[in-house]
Amino acid sequence: MRKASFDHPAEREPVSNAMSLLWFTVMVFFTSLFAGLLGSLTGLGGGVVIVPALVLLFKVDMRYAIGASLVSVIATSSGAAAAYVRDGLSNIRIGMFLEIATTLGAMMGAYLATRVSTHAIAIVFGIVLLYSAFASFRGRESVAKETKPDALAVRLKLEGDYPAGSVSEETLRAGPAATHYTAQRVPLGFGIMFGAGALSGLLGIGSGAVKVLAMDQAMKLPFKVSTTTSNFMIGVTAAASAGIYLSRGYIDAQIAMPVVLGVLMGSLLGSKLLPRAPVRTLKMVFALVIVALGVEMIYSGTKGRI
(Lines give C-alpha, C1' and ligand atoms only; values in the text may rest on other atoms or scores of the structure.)
Protein backbone atom coordinates (compact mmCIF):
# COMPACT_ATOMS: atom_id res chain seq x y z
CA MET A 1 0.00 0.00 0.00
CA ARG A 2 1.26 3.41 -0.94
CA LYS A 3 1.96 5.47 2.17
CA ALA A 4 1.27 9.15 2.49
CA SER A 5 3.46 11.80 4.00
CA PHE A 6 1.25 11.60 7.09
CA ASP A 7 0.68 7.90 7.54
CA HIS A 8 -0.60 5.74 10.37
CA PRO A 9 0.90 6.71 13.77
CA ALA A 10 2.32 3.28 14.40
CA GLU A 11 4.17 3.22 11.08
CA ARG A 12 5.60 6.71 10.61
CA GLU A 13 8.65 8.45 11.95
CA PRO A 14 8.10 11.05 14.69
CA VAL A 15 7.58 14.47 13.13
CA SER A 16 10.87 16.27 13.67
CA ASN A 17 9.71 19.62 12.37
CA ALA A 18 6.76 20.82 14.44
CA MET A 19 6.06 23.62 11.98
CA SER A 20 5.54 21.16 9.12
CA LEU A 21 2.84 19.38 11.12
CA LEU A 22 1.31 22.71 12.15
CA TRP A 23 1.31 23.91 8.54
CA PHE A 24 -0.30 20.67 7.38
CA THR A 25 -3.01 20.96 10.06
CA VAL A 26 -3.78 24.59 9.21
CA MET A 27 -3.97 23.95 5.48
CA VAL A 28 -6.17 20.87 5.91
CA PHE A 29 -8.45 22.85 8.25
CA PHE A 30 -9.02 25.67 5.75
CA THR A 31 -9.45 23.23 2.88
CA SER A 32 -12.04 21.35 4.95
CA LEU A 33 -13.72 24.65 5.83
CA PHE A 34 -14.12 25.39 2.13
CA ALA A 35 -15.34 21.84 1.47
CA GLY A 36 -17.91 22.04 4.27
CA LEU A 37 -19.11 25.46 3.09
CA LEU A 38 -19.46 24.34 -0.51
CA GLY A 39 -21.09 21.05 0.47
CA SER A 40 -23.59 22.79 2.76
CA LEU A 41 -24.57 25.37 0.15
CA THR A 42 -25.19 22.72 -2.51
CA GLY A 43 -26.68 20.04 -0.26
CA LEU A 44 -24.25 17.26 -1.26
CA GLY A 45 -21.94 17.37 1.77
CA GLY A 46 -18.24 18.14 2.13
CA GLY A 47 -17.01 14.58 1.60
CA VAL A 48 -17.18 14.86 -2.18
CA VAL A 49 -14.59 17.66 -1.97
CA ILE A 50 -12.44 16.80 1.04
CA VAL A 51 -11.46 13.25 0.01
CA PRO A 52 -10.03 14.18 -3.43
CA ALA A 53 -8.49 17.33 -1.91
CA LEU A 54 -6.64 15.29 0.73
CA VAL A 55 -5.49 12.76 -1.85
CA LEU A 56 -4.53 15.13 -4.68
CA LEU A 57 -3.32 18.20 -2.79
CA PHE A 58 -1.88 16.76 0.42
CA LYS A 59 -0.87 13.31 -0.90
CA VAL A 60 -2.71 11.55 1.93
CA ASP A 61 -3.31 7.84 1.38
CA MET A 62 -6.80 7.25 -0.04
CA ARG A 63 -7.96 5.09 2.86
CA TYR A 64 -6.87 7.60 5.52
CA ALA A 65 -8.67 10.37 3.59
CA ILE A 66 -11.83 8.26 3.49
CA GLY A 67 -11.58 7.52 7.23
CA ALA A 68 -11.28 11.22 8.08
CA SER A 69 -14.17 12.08 5.79
CA LEU A 70 -16.44 9.49 7.42
CA VAL A 71 -15.81 10.99 10.86
CA SER A 72 -16.67 14.45 9.52
CA VAL A 73 -19.87 13.12 7.94
CA ILE A 74 -21.01 11.79 11.32
CA ALA A 75 -20.31 15.13 13.00
CA THR A 76 -21.95 17.37 10.42
CA SER A 77 -25.12 15.33 9.85
CA SER A 78 -26.11 15.16 13.52
CA GLY A 79 -27.06 18.81 14.11
CA ALA A 80 -29.03 19.31 10.91
CA ALA A 81 -30.78 15.95 11.30
CA ALA A 82 -32.09 16.93 14.76
CA ALA A 83 -33.52 20.19 13.38
CA TYR A 84 -35.26 18.45 10.48
CA VAL A 85 -36.82 15.85 12.79
CA ARG A 86 -38.05 18.63 15.09
CA ASP A 87 -39.66 20.44 12.18
CA GLY A 88 -41.48 17.30 11.07
CA LEU A 89 -39.76 17.05 7.68
CA SER A 90 -37.76 13.84 8.19
CA ASN A 91 -39.68 10.57 8.20
CA ILE A 92 -38.00 8.53 10.94
CA ARG A 93 -39.90 5.33 10.15
CA ILE A 94 -38.87 5.35 6.48
CA GLY A 95 -35.34 6.38 7.46
CA MET A 96 -34.90 3.56 9.97
CA PHE A 97 -36.31 1.01 7.50
CA LEU A 98 -33.95 2.12 4.73
CA GLU A 99 -31.04 2.25 7.20
CA ILE A 100 -31.11 -1.56 7.19
CA ALA A 101 -30.04 -1.45 3.54
CA THR A 102 -27.56 1.43 3.83
CA THR A 103 -25.88 0.02 6.95
CA LEU A 104 -25.39 -3.39 5.37
CA GLY A 105 -24.11 -1.70 2.22
CA ALA A 106 -21.77 0.56 4.20
CA MET A 107 -20.24 -2.39 6.02
CA MET A 108 -19.70 -4.20 2.73
CA GLY A 109 -18.20 -1.07 1.15
CA ALA A 110 -15.84 -0.52 4.08
CA TYR A 111 -14.75 -4.16 3.88
CA LEU A 112 -14.13 -3.87 0.13
CA ALA A 113 -12.12 -0.69 0.67
CA THR A 114 -9.46 -2.72 2.47
CA ARG A 115 -9.37 -5.28 -0.37
CA VAL A 116 -9.73 -3.14 -3.51
CA SER A 117 -6.76 -1.20 -4.84
CA THR A 118 -6.69 2.55 -4.30
CA HIS A 119 -6.45 2.99 -8.09
CA ALA A 120 -9.87 1.37 -8.56
CA ILE A 121 -11.35 3.35 -5.64
CA ALA A 122 -10.08 6.59 -7.20
CA ILE A 123 -11.74 5.77 -10.53
CA VAL A 124 -15.06 4.93 -8.84
CA PHE A 125 -14.82 8.11 -6.79
CA GLY A 126 -14.24 10.17 -9.92
CA ILE A 127 -17.33 8.68 -11.56
CA VAL A 128 -19.41 9.45 -8.46
CA LEU A 129 -18.11 13.04 -8.50
CA LEU A 130 -19.20 13.49 -12.11
CA TYR A 131 -22.64 12.12 -11.23
CA SER A 132 -22.85 14.51 -8.26
CA ALA A 133 -22.14 17.45 -10.58
CA PHE A 134 -25.00 16.30 -12.80
CA ALA A 135 -27.32 15.75 -9.81
CA SER A 136 -26.69 19.25 -8.45
CA PHE A 137 -28.26 20.76 -11.59
CA ARG A 138 -31.07 18.29 -12.19
CA GLY A 139 -34.45 19.72 -11.30
CA ARG A 140 -36.88 17.77 -9.15
CA GLU A 141 -40.48 18.23 -8.19
CA SER A 142 -41.00 19.48 -4.67
CA VAL A 143 -44.23 17.53 -4.13
CA ALA A 144 -44.92 13.90 -4.91
CA LYS A 145 -47.67 13.12 -7.41
CA GLU A 146 -50.82 11.33 -6.31
CA THR A 147 -50.35 7.62 -7.07
CA LYS A 148 -51.95 4.37 -6.02
CA PRO A 149 -50.65 3.34 -2.56
CA ASP A 150 -47.95 0.66 -2.65
CA ALA A 151 -49.15 -2.50 -0.88
CA LEU A 152 -45.81 -3.17 0.84
CA ALA A 153 -45.50 0.46 1.92
CA VAL A 154 -48.99 0.36 3.41
CA ARG A 155 -48.19 -2.87 5.26
CA LEU A 156 -44.98 -1.38 6.67
CA LYS A 157 -46.65 2.02 7.26
CA LEU A 158 -44.08 3.85 5.14
CA GLU A 159 -46.14 6.99 4.88
CA GLY A 160 -46.49 10.33 6.59
CA ASP A 161 -47.39 14.00 6.42
CA TYR A 162 -45.13 16.99 6.08
CA PRO A 163 -45.91 20.69 6.51
CA ALA A 164 -46.45 22.45 3.22
CA GLY A 165 -44.58 25.70 2.65
CA SER A 166 -41.91 27.15 4.95
CA VAL A 167 -41.61 25.88 8.51
CA SER A 168 -41.51 28.31 11.41
CA GLU A 169 -42.52 28.38 15.04
CA GLU A 170 -45.64 30.40 14.18
CA THR A 171 -46.81 27.97 11.49
CA LEU A 172 -46.11 25.01 13.72
CA ARG A 173 -48.23 26.49 16.51
CA ALA A 174 -51.02 27.30 14.06
CA GLY A 175 -50.97 23.80 12.61
CA PRO A 176 -49.72 24.24 9.01
CA ALA A 177 -51.41 22.56 6.07
CA ALA A 178 -50.00 19.06 5.71
CA THR A 179 -49.32 17.03 2.57
CA HIS A 180 -49.82 13.28 2.85
CA TYR A 181 -47.54 10.85 1.02
CA THR A 182 -46.96 7.09 0.77
CA ALA A 183 -43.75 5.43 -0.43
CA GLN A 184 -43.81 3.67 -3.81
CA ARG A 185 -41.68 0.83 -5.26
CA VAL A 186 -40.18 -0.07 -1.89
CA PRO A 187 -37.96 -2.98 -3.11
CA LEU A 188 -36.36 -0.75 -5.77
CA GLY A 189 -35.67 2.01 -3.24
CA PHE A 190 -34.27 -0.54 -0.78
CA GLY A 191 -31.88 -1.89 -3.41
CA ILE A 192 -30.66 1.56 -4.42
CA MET A 193 -30.12 2.36 -0.72
CA PHE A 194 -27.88 -0.70 -0.40
CA GLY A 195 -25.78 0.66 -3.27
CA ALA A 196 -25.70 4.11 -1.64
CA GLY A 197 -24.44 2.58 1.59
CA ALA A 198 -21.77 0.63 -0.27
CA LEU A 199 -20.55 3.82 -1.95
CA SER A 200 -20.49 5.59 1.42
CA GLY A 201 -18.35 2.89 3.00
CA LEU A 202 -16.09 2.55 -0.02
CA LEU A 203 -15.56 6.25 -0.74
CA GLY A 204 -16.08 7.97 2.63
CA ILE A 205 -18.92 10.23 1.46
CA GLY A 206 -22.47 10.59 2.69
CA SER A 207 -23.73 9.55 -0.80
CA GLY A 208 -26.65 11.90 -0.23
CA ALA A 209 -27.21 12.32 -3.97
CA VAL A 210 -27.83 8.57 -4.37
CA LYS A 211 -30.04 8.41 -1.26
CA VAL A 212 -32.15 11.29 -2.55
CA LEU A 213 -32.33 9.54 -5.94
CA ALA A 214 -33.72 6.42 -4.24
CA MET A 215 -36.38 8.26 -2.24
CA ASP A 216 -37.28 11.03 -4.68
CA GLN A 217 -37.17 9.22 -8.02
CA ALA A 218 -37.68 5.55 -7.12
CA MET A 219 -39.95 5.77 -4.05
CA LYS A 220 -41.73 8.97 -5.19
CA LEU A 221 -41.41 10.76 -1.86
CA PRO A 222 -41.66 14.56 -1.74
CA PHE A 223 -38.30 16.22 -2.34
CA LYS A 224 -38.24 17.93 1.05
CA VAL A 225 -38.86 14.61 2.77
CA SER A 226 -36.22 12.88 0.62
CA THR A 227 -33.46 15.40 1.36
CA THR A 228 -34.15 15.72 5.09
CA THR A 229 -34.56 11.97 5.62
CA SER A 230 -31.33 11.43 3.67
CA ASN A 231 -29.55 13.80 6.05
CA PHE A 232 -31.00 11.88 8.99
CA MET A 233 -29.62 8.61 7.56
CA ILE A 234 -26.17 9.82 6.52
CA GLY A 235 -24.66 9.86 10.02
CA VAL A 236 -25.80 6.31 10.83
CA THR A 237 -24.49 5.01 7.51
CA ALA A 238 -21.11 6.68 8.03
CA ALA A 239 -20.86 5.36 11.60
CA ALA A 240 -21.34 1.78 10.41
CA SER A 241 -18.41 1.97 8.00
CA ALA A 242 -16.26 4.22 10.21
CA GLY A 243 -16.07 1.44 12.80
CA ILE A 244 -14.40 -0.83 10.26
CA TYR A 245 -11.94 1.89 9.20
CA LEU A 246 -11.13 2.52 12.87
CA SER A 247 -10.50 -1.16 13.56
CA ARG A 248 -8.18 -1.29 10.53
CA GLY A 249 -6.23 1.75 11.78
CA TYR A 250 -7.28 4.05 8.93
CA ILE A 251 -8.55 6.90 11.11
CA ASP A 252 -5.62 9.13 12.09
CA ALA A 253 -6.38 11.90 14.59
CA GLN A 254 -3.80 14.25 13.00
CA ILE A 255 -5.80 14.13 9.77
CA ALA A 256 -9.33 13.61 11.10
CA MET A 257 -9.28 16.42 13.69
CA PRO A 258 -8.72 19.39 11.31
CA VAL A 259 -11.05 17.79 8.76
CA VAL A 260 -13.92 17.43 11.27
CA LEU A 261 -13.47 20.94 12.68
CA GLY A 262 -13.16 22.53 9.23
CA VAL A 263 -16.11 20.71 7.65
CA LEU A 264 -18.30 21.33 10.71
CA MET A 265 -17.55 25.06 10.79
CA GLY A 266 -17.94 25.33 7.02
CA SER A 267 -21.32 23.58 7.16
CA LEU A 268 -22.56 25.91 9.91
CA LEU A 269 -21.37 28.93 7.92
CA GLY A 270 -23.04 27.59 4.80
CA SER A 271 -26.38 27.19 6.59
CA LYS A 272 -26.22 30.88 7.55
CA LEU A 273 -25.29 32.05 4.05
CA LEU A 274 -27.68 29.81 2.12
CA PRO A 275 -30.82 32.04 2.36
CA ARG A 276 -28.93 34.97 0.76
CA ALA A 277 -26.70 33.02 -1.63
CA PRO A 278 -27.27 32.92 -5.43
CA VAL A 279 -28.14 29.26 -5.77
CA ARG A 280 -27.49 28.88 -9.50
CA THR A 281 -24.05 30.49 -9.25
CA LEU A 282 -23.17 28.25 -6.30
CA LYS A 283 -24.23 25.14 -8.16
CA MET A 284 -22.17 26.17 -11.17
CA VAL A 285 -19.05 26.77 -9.05
CA PHE A 286 -19.61 23.50 -7.20
CA ALA A 287 -20.10 21.57 -10.43
CA LEU A 288 -16.93 23.00 -11.96
CA VAL A 289 -14.90 22.16 -8.85
CA ILE A 290 -16.04 18.57 -8.55
CA VAL A 291 -15.90 17.92 -12.31
CA ALA A 292 -12.25 18.99 -12.22
CA LEU A 293 -11.62 16.81 -9.16
CA GLY A 294 -13.51 13.90 -10.72
CA VAL A 295 -11.54 14.02 -13.95
CA GLU A 296 -8.27 14.26 -12.05
CA MET A 297 -9.24 11.33 -9.79
CA ILE A 298 -10.10 9.16 -12.79
CA TYR A 299 -6.91 10.16 -14.61
CA SER A 300 -4.70 9.60 -11.56
CA GLY A 301 -6.39 6.26 -10.87
CA THR A 302 -5.92 4.97 -14.41
CA LYS A 303 -2.29 6.11 -14.40
CA GLY A 304 -1.64 4.45 -11.02
CA ARG A 305 -0.61 7.68 -9.31
CA ILE A 306 -3.00 7.19 -6.37
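Residues numbered from 1 in each chain as written. Predicted model: local features only at pLDDT ≥ 70, side-chain atom pairs only at ≥ 80, totals over all residues. Heavy atoms only, no water.

### Some thoughts on the overall build of the protein
The helix and strand tally for the protein stands at 12 helices and 2 strands. Ordered by position from the N terminus, the helices and strands of the protein form the series α-α-α-α-α-α-β-α-β-α-α-α-α-α. Here the protein, with 306 residues, has 49% of them falling under the buried criterion. Pairs at least 24 residues apart make up 81% of the contacts formed inside the protein by residues separated by at least 6 positions. Of the roughly 14,000 Å² that the protein leaves accessible, carbon and sulfur atoms contribute 67%. (Helix = DSSP H or I, 4+ residues; strand = E, 2+ residues; numbered from the N terminus. Buried < 20%, exposed > 50% of the residue type's maximum accessible area, 1.4 Å probe, protein only. Contact = heavy atoms within 4.5 Å. Areas by Shrake-Rupley, 256 points an atom, 1.4 Å probe, with all protein chains shown as cover.)

### A word on the packing of helix α8 (residues 186-203) against helix α10 (residues 223-247)
Relative orientation of the contacting elements α8 and α10 amounts to 50°, with a least axis distance of 9 Å. Taken together, the axis directions place α8 and α10 in an arrangement best described as oblique. Here the hand of the crossing between α8 and α10 comes out right-handed. Where α8 approaches α10, its residues M193, G197, S200, G201 and L202 are matched on the opposing element by M233, T237, A238, S241 and Y245. Residue classes in the contact of α8 with α10 are distributed as 5 nonpolar, 5 polar and no charged. (Axes fitted to C-alpha atoms, helices over the stretch in contact; angles between N-to-C directions. Parallel < 35°, antiparallel > 145°, perpendicular 65-115°, else oblique. Left-handed = near helix turned anticlockwise from the far one by under 90°. Nonpolar A, V, L, I, M, F, W, Y, C, P; charged D, E, K, R; others polar.)

### Brief notes about the packing of helix α4 (residues 92-113) against α10
The interhelical angle for the contact between α4 and α10, taken along N-to-C directions, is 30°, at an axis separation of 8 Å. Between α4 and α10, the crossing angle belongs to the class labelled roughly parallel. With respect to the hand of their crossing, α4 and α10 are arranged in right-handed fashion. Residues I92, G95, M96, L98, E99, T102, T103, A106, M107, A110, Y111 and A113 of α4 touch α10, and the partners they reach there are T229, F232, M233, I234, V236, T237, A240, S241, I244 and Y245. When its residues are assigned to classes, the contact of α4 with α10 shows 15 nonpolar, 6 polar and 1 charged.

### Points about α10
Think of an α-helix as turning once every 3.6 residues; residues three or four places apart then point the same way. In this model α10 runs 36 Å from its N-terminal to its C-terminal C-alpha over 25 residues, within 8% of the 36 Å that 1.5 Å per residue would give. At M233, α10 shows its maximal bend, which comes to roughly 30°. G249, located one to two residues past α10, shows a positive phi value of around 85°. (Expected span 1.5 Å × (residues − 1). Bend = angle between axes of the 7 residues up to and from the residue.)

### Regarding α4
Its 22 residues place the ends of α4 29 Å apart at the C-alpha level, agreeing with the 32 Å of an ideal helix rising 1.5 Å per residue. Within α4, the axis deviates most sharply at E99, by approximately 35°. What α4 keeps buried is the set I94, G95, F97, L98, E99, A101, T102, G105, A106, G109, A110 and A113. The backbone nitrogen of R93 lies 3.2 Å from a side-chain oxygen of the residue at the head of α4, namely N91. (Polar contact = N/O pair within 3.5 Å; in protein donor to acceptor, adjacent residues only side chain to side chain.)

### Focus: the packing of aromatic side chains
In total, this model carries 5 aromatic pairs according to the counting rule given. Between the aromatic rings of Y64 and Y250, the centroid separation amounts to 5.3 Å while the plane-to-plane angle is 80°, which identifies the pairing as edge-to-face. On the criterion of sequence distance, the pair formed by Y64 in helix α3 (residues 62-86) and Y250 in the loop between α10 and α11 (253-273) is long-range, its members being 186 residues apart. The buried category is assigned to Y64, whose relative accessible area is 2%. Between the aromatic rings of F97 and F190, the centroid separation amounts to 5.3 Å while the plane-to-plane angle is 45°, which identifies the pairing as tilted. Placement of the pair is F97 in helix α4 and F190 in helix α8, with a sequence separation of 93 residues. Residue class for F190 comes out partly exposed when judged on its relative accessible area of 26%. (Phe/Tyr/Trp six-rings, centres within 6.5 Å; stacked < 30°, edge-to-face > 60°.)

### Quick word on the side chain of S72
Residue position: S72 is located in helix α3. Once residues lying within four places of it in the same chain are set aside, the contact partners of S72 are V259, V260 and V263.

### Here we look at the nonpolar core
Generally speaking, nonpolar side chains in soluble globular proteins are found buried as a group. In terms of nonpolar packing, the biggest core is built from 48 residues, with L54, V60, M62, L203, I255 and V259 touching the most fellow members. One finds A153, Y162, Y181 and M215 within the second-largest nonpolar core, a separate group that totals 19 residues. (Core = buried A, V, L, I, M, F, W, Y, C linked by side-chain atoms within 4.5 Å.)

### Structural notes on the environment of G88
Here G88 lies in the loop between α3 and α4. Relative accessible area serves as the criterion here: at 28%, G88 is assigned to the partly exposed category. Separated by 137 residues in sequence, G88 and V225 have C-alpha atoms that sit 9.1 Å apart.

### Description of the side chain of T102
With respect to the secondary-structure elements, T102 resides in helix α4. At a separation of 2.7 Å, a polar atom in the side chain of T102 contacts the side chain of E99. Setting aside anything within four residues of it in sequence, one finds T102 in contact with M193, G197, K211, M233 and T237.

### Description of the confidence of the model for the protein
Counting all residues, the mean pLDDT for the protein is 77, and 75% of those residues have values of 70 or more. Averaged pLDDT values for the elements of the protein fall to 48 in helix α7 (residues 169-174) and rise to 89 in α4. In the predicted structure, residues 1-16 sits below a pLDDT of 50 and forms 34 contacts with residues beyond four places in sequence or in another chain. Across residues 166-172, where pLDDT falls below 50, the model places 6 contacts with residues more than four positions away in sequence or in other chains. (pLDDT = per-residue confidence, 0-100.)

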